Amino acid sequence: MNNQSAIRNPKSAMRRIVVKVGTSILTSDSGELTTQYISKLVESLSNLRRSGLEIILVSSGAVGAGMKRLGLTYRPKSIPLKQAAAAVGQSRLMQVYEHLFGRTKQKVAQILLTHHDLADRRSYINTYNTLLTLLEYRIIPIINENDPVAVEEIKFGDNDTLAALVANLIEADALLLLTNTDGFYSSDPKTGQGELIHQVDEITDELLDLAGGTRAATSTGGMITKLQAARIAVKAGIRVIIANGKKENIIEEIMNGIEVGTVFLPLDNPVAARKRWIEFHLHPKGEIVVDAGAVEALLHRGKSLLPSGILEVKGSFGTGEAVVVADKSGKELAKGLTNYSSYELEKIKGKQTSRIDEILGYKYYDEVIHRDNLALLT
Ligand code: GLU
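Source: prediction; values computed, not measured.

(A) Quick peek at the overall build of the protein. Along the protein, the regular secondary structure elements total 15 helices and 13 strands. For the protein, the C-alpha radius of gyration of 23 Å lies close to 21 Å, the compact-globule estimate for 378 residues. Its C-alpha atoms give the protein principal-axis dimensions of roughly 70 × 50 × 45 Å. Buried positions account for 53% of the 378 residues belonging to the protein. Total accessible area on the protein is roughly 17500 Å²; 48% of this is exposed by carbon and sulfur atoms.

(B) Focus on helix H5 (residues 79–103). Taking 1.5 Å of rise per residue, 25 residues should cover 36 Å, and H5 covers 36 Å from first to last C-alpha, within 8% of that figure. Along H5, the residues that are buried comprise Gln83, Ala85, Ala86, Gly89, Gln90, Leu93, Met94, Val96, Tyr97, Leu100 and Phe101. Two residues or fewer past H5, Lys105 is found with a positive phi of approximately 65 degrees.

(C) Quick look at helix H12 (residues 273–281). Looking only at H12, the buried set comprises Arg276, Trp277, Ile278, Glu279, Phe280 and His281. On the buried face of H12, the contacting elements are helix H6 (115–119), helix H7 (121–136), helix H8 (159–169), helix H10 (223–235), strand E12 (332–337) and strand E13 (374–376).

(D) Representation of the nonpolar core in the model. Ranked by internal contacts, the top residues of the largest apolar core, which has 49 residues, are Val18, Ile143, Leu175, Leu227 and Phe264. For Phe264, the contacting residues outside a window of four places in its chain are Phe184, Val200, Ile203, Leu227, Ala230, Val234, Ile238, Arg239, Val240 and Ile242. Leu26, Val108, Ile241 and Val263 belong to the second-largest nonpolar core, a separate cluster that totals 37 residues.

(E) Representation of the site of the ligand in the model. Taken together, ten residues sit near the ligand, with Ala62, Val63, Asn144, Asp147 and Asn159 positioned nearest. A distance of 2.7 Å is found between a nitrogen atom of the ligand and a side-chain nitrogen or oxygen belonging to Asp147. For the shell around the ligand, the per-class residue count stands at two nonpolar, six polar and two charged.

(F) View of a nonpolar patch on the surface. Where nonpolar side chains cluster on the molecular surface, the patch consists of Tyr362, Tyr364 and Tyr365 and spans about 320 Å² of accessible area. One can find Tyr364 in the loop between helix H15 (356–360) and E13. With a relative accessible area of 43%, Tyr364 lands in the partly exposed category.

(G) The arrangement of the confidence of the model for the protein in detail. Predicted confidence across the protein gives a mean pLDDT of 89, with 92% of residues reaching 70 or more. In this model residues 1–6 is a low-confidence stretch, pLDDT under 50, and it forms five contacts with partners more than four residues away in sequence or in other chains. The model gives residues 214–219 a pLDDT under 50, and that stretch makes 14 contacts with residues more than four places away or in other chains.

(H) Summary view of the sheet that holds strand E7 (residues 239–244). The sheet built from eight strands is open, its strands ordered E3-E4-E2-E1-E5-E7-E8-E6 with mixed pairing. For this open sheet the edge positions go to strand E3 (108–113) and strand E6 (199–200), each flanked by a neighbour on one side alone. The pairing of strand E5 (residues 174–179) with E7 spans six bridges and is parallel. The residue of E7 that forms the bridge with Ala174 is Arg239. Each of strand E1 (16–21), E5, E7 and strand E8 (262–264) is contacted by H10, which is oriented at about 155 degrees to E7, the strand it contacts most.

(I) The arrangement of the environment of Leu100 in detail. Tracing the sequence through the fold places Leu100 in helix H5. Sequence spacing of Leu100 and Lys40 is 60 residues, and the spatial spacing of their C-alpha atoms is 9.2 Å. Beyond its immediate chain neighbours, meaning those up to four positions away, Leu100 contacts Thr35, Ile38, Ser39 and Val42.

(J) Broad picture of the pairing of strand E11 (residues 322–326). Of all five residues in E11, five are buried, a share of seventy percent or more. What you see with E11 is no split at all: Ala322, Val324 and Ala326 on one side and Val323 and Val325 on the other are buried throughout. Bridge analysis of E11 against E12 gives five bridges, and the strand direction is antiparallel. When the sheet's bridge partners are listed, Ala322 is paired in E12 with Leu337. Between E11 and E12, which pair antiparallel and follow one another directly, the connecting turn spans five residues, one of which, Gly330, has a positive phi of 95 degrees.

(K) Broad picture of unusual backbone geometry. Within the chain, Lys105 stands out as a residue other than glycine whose phi angle is a positive 65 degrees. Inspection of the secondary structure puts Lys105 in the loop between H5 and E3. Given the relative accessible area of 75%, Lys105 is considered exposed. Positive phi outside glycine occurs at Asn249, with the angle close to 60 degrees.

(L) Expanded view of the side chain of Asp147. Its place among the elements puts Asp147 in the loop between strand E4 (140–145) and H8. You can call Asp147 buried: its relative accessible area is 15%. What Asp147 contacts, discounting residues up to four positions off in sequence, is Val63, Gln83, Ala86 and Lys155.

(M) Highlighting the pattern of salt bridges. What the rule picks out here adds up to eleven salt bridges. The salt bridge involving Glu54 is made with Arg16; its shortest N-O contact spans 2.7 Å. Pair noted here: Glu54 is in strand E2 (residues 54–59) and Arg16 is in strand E1, with a separation of 38 residues, a long-range link. By the burial criterion, Glu54 is buried, and Arg16 matches it. When salt bridges with common partners are traced through the structure, they connect Lys20, Asp160 and Lys226 into a single cluster.

Calculation notes
- Residues numbered from 1 in each chain as written.
- Predicted model: local features only at pLDDT ≥ 70, side-chain atom pairs only at ≥ 80, totals over all residues.
- Heavy atoms only, no water.
- Helix = DSSP H or I, 4+ residues; strand = E, 2+ residues; numbered from the N terminus.
- Rg over C-alpha atoms; globule rule 2.2 N^0.38 Å.
- Buried < 20%, exposed > 50% of the residue type's maximum accessible area, 1.4 Å probe, protein only.
- Areas by Shrake-Rupley, 256 points an atom, 1.4 Å probe, with all protein chains shown as cover.
- Expected span 1.5 Å × (residues − 1).
- Contact = heavy atoms within 4.5 Å.
- Core = buried A, V, L, I, M, F, W, Y, C linked by side-chain atoms within 4.5 Å.
- Near = heavy atom within 4 Å.
- Polar contact = N/O pair within 3.5 Å; in protein donor to acceptor, adjacent residues only side chain to side chain.
- Nonpolar A, V, L, I, M, F, W, Y, C, P; charged D, E, K, R; others polar.
- Patch = residues over 30% accessible without salt bridge, like charges linked within 9 Å, V, L, I, M, F, W, Y side chains within 5 Å.
- Salt bridge = Lys/Arg side-chain N within 4 Å of Asp/Glu carboxyl O.
- pLDDT = per-residue confidence, 0-100.
- Pairing = 2+ DSSP bridges.
- Axes fitted to C-alpha atoms, helices over the stretch in contact; angles between N-to-C directions.

This is how it looks when you write it as structure tokens:
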């Protein structure tokens, strides 16, 4: 096996994969669920499951299928209508999956998630345990965003991100993003000029700039959300493949190491699980601006953040909440859990650790953010 196929065919070492299928391949332009396609997908996944691989399916298509049932010809703009479409469509979607997986004797389960479920540490761990138990029972969990109840603040927004976060949560070996193009192109494939990029070693900002938004009436994400999702997954040590879900036997080809789609290589030193949770799931409540010495200590010497390096505190936050650490120019460097509230930090910023007790009358910790609770963003 040469290197290239080893990269594309890590089957022997693979134990668990997340497969995400987008609305554009699950529903027709008129919003009909493409049962013929779904039936092939189901067969491929059931075969893989039988071969011993653990599979999690992240499926879109609820809003698309719901549009049809509500008699809409356009993707709903108003939130209540979109949420109603998702509620109607999700049960239809599961009905189709239940039926088709049933024909292959494969059991499935439905899990609907919001960002909130994964931002809370206890429910994050609960979700992890539930998924693991389902996998132990050889069930294929089918996950979608809980669109009918999700409000803006708790939305994943698109299923590419959701799939990457699920892959991170469940420590998958690979994430397959199946869409309606052959992979990631050096420019928009619709212009006919772009070339398919077979392998991406690093997802740079320039690469993100290359990716455009979506134009389809039924779908949410575009190449940009896929790249952002891939960035999350590779940080967690997960390889990602973007490929054309419409092509026959695409999943088999990917798993057999055939050079299809675009593969994104995982980082050699993935970020630790707790830090990934902080980085990917917590919404920051404020910002701590630090001086050049602290930047150096945090980024290059693996140190914790001490009060002495703090120049400014923005926002109002309490002990244990997530905050962003930025340099003087506003560049975000890290996200972490603070041991002191914004009120306390106003008093101890710029001061030596030895003076915390004297100033506040008590001291919880020497560190404002311990390095174990600090995820670097750069
Ligand atoms: N959760 C949405 C749905 O089921 C899809 C979002 C997406 O396609 O990214 O329709």
